[in-house]
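Here's the letter readout for the chains.
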2 protein chains.
Amino acid sequence: MKRRSLTADKIIDAAMEVADAEGVEALSMRKLASLLNVTAMSLYNHVGSKDEVLELMLGRVVTQIARPEAGGYWETMMRRRAHSMREVLLSHRWASTLLISRISMGDAILRDIEATLGCLVAGGFTYRQADWARNAIDSHVYGYTFQELNTPVDPDEYRSAAATYLPMISQAEYPHIHEASLEIAKGEYDGRTDFSFGLELILKGLRNWVAGTAP
Amino acid sequence: MKRRSLTADKIIDAAMEVADAEGVEALSMRKLASLLNVTAMSLYNHVGSKDEVLELMLGRVVTQIARPEAGGYWETMMRRRAHSMREVLLSHRWASTLLISRISMGDAILRDIEATLGCLVAGGFTYRQADWARNAIDSHVYGYTFQELNTPVDPDEYRSAAATYLPMISQAEYPHIHEASLEIAKGEYDGRTDFSFGLELILKGLRNWVAGTAP
DNA sequence: TTGACAGATATACAGTGTATGTTTAACACC
DNA sequence: GGTGTTAAACATACACTGTATATCTGTCAA
């Protein structure tokens with residue numbers, strides 16, 4: 001076993017693998033160490049704490065988000081960034097939990113904010129408007145994706161899931177949920193809500209906002 | 001010390017107190033037990049596991065959300081519910097973290113969905129439209145509030161915080177963030193983003209959606 | 001060859017959730 | 001009132017967590 005072979009990068013590589021495969025709750029320093037053929041305490045020569053590991057992991061996630069390009073039309077760029085954020089969050093299911101805990105995410109987030117602000121300001125937004133716009137878009141992305149991550153049923157199985165659970169939903173107690181499930185089970189709609197629906201609602205609102213009168 | 005004095009309700013009472021005061025991470029079965037003058041294992045006569053404690057806590061939180069009333073105009077009711085959700089989530093900072101982990105929240109959530117769906121359907125939405133609308137609104141509430149909970153600075157101190165951090169933001173590396181912070185520090189705007197801004201964007205979009213043509 | 005020292009290791013500690021087995025207090029019934 | 005029955009509180013134990021501290025060791029500069 002060679003010396004000097006361990007680096008923070010390799011630790012984060014392994015940590016992301018574990019988290020992606022088994023979830024963050026399965027990530028322990030001892031497990032991480034044994035995956036790298038090393039003892040737990042060796043990791044502390046390269047990272048300060050487990051929280052730092054989590055922080056570095058989050059940084060990698062944020063870096064994967066498509067950053068708006070300088071010359072692009074703001075609406076197109078925001079749409080692209082939003083879809084990218086969702087995809088990244090979905091592909092690392094553990095990231096959402098970390099995002100809303102007090103874990104910092106280093107300066108990857110600064111680069112993202114910088115690019116986003118820049119694109120919006122170039123598109124005619126004031127800084128205050130850009131702030132509000134970014135916040136509104138991010139709110140939707142985070143909120144939608146969190147809900148999506150918590151939905152226990154596979155998108156392809158809404159109909160059959162609805163049919164399965166239908167008898168468990170008391171028609172007397174929850175008439176509307178019952179009726180909605182019935183419609184899904186019958187195939188009248190698929191029970192999926194659309195990410196783009198809310199996003200376009202917001203983008204359209206922003207378009208009107210910067211174009212016309214203002215709040 | 002009387003026997004038979006411990007109940008699940010009292011356990012949850014104590015758990016909420018601990019979580020509100022010190023955060024969920026400070027909540028352990030042993031600490032909870034000692035607060036109730038009891039040993040850790042006694043708790044397990046009343047609750048199945050720590051996860052069940054968390055689930056019951058979440059249920060209480062969800063119950064606090066203002067449910068839409070049967071006769072009310074949908075938009076007013078949705079606005080009221082959204083603001084209420086935000087307030088409830090802000091007053092129990094630990095709830096957000098739990099909401100997006102795999103912890104279930106019992107049937108408090110069913111009562112909320114039932115009332116919300118019913119109100120929207122009464123307002124002319126189809127079930128599919130009601131589903132989408134609820135999802136869009138909830139996305140914003142969750143996402144906005146999560147971001148709000150993570151903002152390290154107190155809303156009243158944006159200006160001074162911006163002034164403090166300004167020198168730490170490299171003007172060369174992050175020109176737009178620098179400029180935005182400068183504007184905040186100078187008091188040109190307060191750096192606060194508005195919950196209602198995004199919410200009204202969505203409500204307006206929904207209004208147009210149910211009124212006019214459709215996607 | 002010999003220090004020096006970075007980095008791997010061993011040990012230990014205080015904490016976690018909870019499985020398991022035992023004790024005890026409160027109630028129903030003779 | 002005495003006596004089972006039983007639910008609830010308790011004690012112990014286990015496997016695990018993150019990490020502080022102290023020790024050992026392989027590699028490189030002198």
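Residues numbered from 1 in each chain as written. Chains lettered and ligands numbered in written order. Predicted model: local features only at pLDDT ≥ 70, side-chain atom pairs only at ≥ 80, totals over all residues.

Side note on the overall build of chain A
At step 1: Along its length, chain A carries ten helices and zero strands.
At step 2: In sequence order, the secondary structure elements of chain A are arranged as α-α-α-α-α-α-α-α-α-α.
At step 3: Computed over its C-alpha atoms, the radius of gyration of chain A comes to 22 Å, more than 25% above the 17 Å expected for a compact globule of 215 residues.
At step 4: When its C-alpha atoms are laid out on the principal axes, chain A stretches across 65 × 55 × 25 Å.
At step 5: Out of the 215 residues belonging to chain A, those deemed buried represent 34%.
At step 6: Pairs at least 24 apart in sequence give 64% of the contacts found in chain A among residues at least 6 apart. (Helix = DSSP H or I, 4+ residues; strand = E, 2+ residues; numbered from the N terminus. Rg over C-alpha atoms; globule rule 2.2 N^0.38 Å. Buried ≥ 20, exposed ≤ 12 C-beta atoms within 10 Å, placed from the backbone. Contact = placed C-beta atoms within 7 Å.)

Describing the protein's contact with DNA strand D
At step 1: Taken together, 20 residues sit near DNA strand D, with Ser28(A), Met29(A), Lys50(A), Leu6(B) and Met41(B) positioned nearest.
At step 2: Listed by contribution, the elements that provide at least two residues to the surface near DNA strand D are helix H2 (29-35) and helix H3 (50-63) of chain A together with helix H3 (40-43) of chain B.
At step 3: Examining the composition of the surface near DNA strand D, we find that three residues originate from one element, H2(A), more than from any other.
At step 4: Taken together, the residues of the surface near DNA strand D break down into six nonpolar, six polar and eight charged. (Near = placed C-beta within 6 Å. Nonpolar A, V, L, I, M, F, W, Y, C, P; charged D, E, K, R; others polar.)

Considerations on the interface of chain B and chain A
At step 1: Between chain B and chain A, the residue contacts involve 42 residues of the former and 42 residues of the latter.
At step 2: Only helix H6 (93-99), helix H7 (108-122), helix H8 (127-150), helix H10 (175-185) and helix H11 (195-211) of chain B provide two or more residues apiece to the side of chain B that touches chain A.
At step 3: Among the elements that line the side of chain B that touches chain A, the one with the most residues is H8(B), at 17 residues.

Some points on the relation of the copies chain B and chain A
At step 1: Each copy superposes on the other: chain B lies on chain A with an RMSD of 0.1 Å after a rotation of 180° and an axial shift of 0.0 Å. The two molecules are tied by a two-fold rotation axis, judged by turn and shift. By C-alpha distance to the rotation axis, the residue of chain B lying nearest is Gly143(B), at 2.0 Å. (Least-squares fit on C-alpha atoms with pLDDT ≥ 70 in both.)

As for the nonpolar core
At step 1: One finds Leu58(A), Ile202(A), Leu58(B) and Ile202(B) to be the most contacted residues of the largest nonpolar core, which totals 104 residues.
At step 2: Of the domains in this structure, domain 1 (8-48) and domain 2 (60-211) of chain B are the two that each give at least three residues to this core.
At step 3: Here Ile202(A) is in contact with Ala136(A), Ile137(A), His140(A), Gly198(B), Leu201(B) and Ile202(B), once residues within four sequence places are set aside. (Core = buried A, V, L, I, M, F, W, Y, C linked by C-beta atoms within 7 Å. Domains from an automatic or database assignment.)

Here's the deal with the packing of helix H9 (residues 175-185) of chain A against H7(B)
At step 1: Where H9(A) meets H7(B), the axes come as close as 7 Å, and the angle between the chain directions of the two elements is 75°. In terms of axis orientation, H9(A) runs roughly perpendicular to H7(B). Residue-level inspection shows His176(A), Ile177(A) and Ala180(A) of H9(A) in contact with H7(B), the latter providing Leu110(B), Ile113(B), Glu114(B), Leu117(B), Gly118(B) and Val121(B).
At step 2: In terms of residue class, the contact of H9(A) with H7(B) is made up of six nonpolar, two polar and one charged. (Axes fitted to C-alpha atoms, helices over the stretch in contact; angles between N-to-C directions. Parallel < 35°, antiparallel > 145°, perpendicular 65-115°, else oblique.)

What to know about unusual backbone geometry
Residue and element names in this part refer to chain A.
At step 1: In the Ramachandran plot, Asn37 falls in the positive-phi region, its phi being about 55° despite a non-glycine side chain.
At step 2: Mapping Asn37 onto the fold places it in the loop between H2 and H3.
At step 3: Judged by local crowding, Asn37 falls into the exposed class, with 10 C-beta atoms found within 10 Å.

Looking at the confidence of the model for chain A
At step 1: Per-residue pLDDT for chain A has a mean of 93; in total, 96% of the residues score no lower than 70.
At step 2: Mean pLDDT in chain A bottoms out at helix H8 (residues 158-165) of chain A, which sits at 91, and peaks at helix H4 (residues 74-91) of chain A, which reaches 98. (pLDDT = per-residue confidence, 0-100.)

Some points on H11(B)
At step 1: Taking 1.5 Å of rise per residue, the 17 residues of H11(B) would be expected to cover 24 Å, and the 25 Å separating its terminal C-alpha atoms lies within 8% of that figure.
At step 2: Gly198(B), Leu199(B), Leu201(B), Ile202(B), Leu203(B) and Leu206(B) are the residues of H11(B) that are buried.
At step 3: Tucked inside the fold, the buried residues of H11(B) contact helix H7 (127-150) and helix H10 (195-211) of chain A together with helix H5 (74-91) and H8 of chain B. (Expected span 1.5 Å × (residues − 1).)

Quick look at the environment of Ser160(B)
At step 1: Position of Ser160(B) among the secondary structure elements: in helix H9 (residues 158-165).
At step 2: Distance in space between the C-alpha atoms of Ser160(B) and Asp107(B) is 44 Å, their sequence separation being 53 residues.

What about the environment of Thr116(A)?
At step 1: Inspection of the secondary structure assignment puts Thr116(A) in helix H6 (residues 108-122).
At step 2: Sequence-distant contacts of Thr116(A), defined by excluding residues within four places in its chain, comprise Pro68(A), Arg81(A) and Arg134(A).

Observations regarding helix H1 (residues 8-22) of chain A
Residue and element names in this part refer to chain A.
At step 1: For H1, which comprises 15 residues, the first-to-last C-alpha distance of 21 Å matches the rise-based estimate of 21 Å (1.5 Å per residue) to within 8%.
At step 2: Among the structural elements, H2 and H3 are those in contact with the buried residues of H1.
At step 3: Following H1 by one or two positions, Gly23 has its phi on the positive side, about 90°.

Remarks on the packing of H4(A) against H7(A)
All names here are of chain A.
At step 1: Orientation of H4 relative to H7, taken along the N-to-C sense of each, is 30°, at an axis distance of 10 Å. Regarding the angle of H4 to H7, the classification is roughly parallel. Judged by the sense of rotation from one axis to the other, the crossing of H4 with H7 is right-handed. Contact residues: H4 offers Met78, Ala82, Met85, Arg86, Leu89 and Leu90, while H7 offers Ile137, Val141 and Thr145.
At step 2: For the contact of H4 with H7, the residue count by class is seven nonpolar, one polar and one charged. (Left-handed = near helix turned anticlockwise from the far one by under 90°.)

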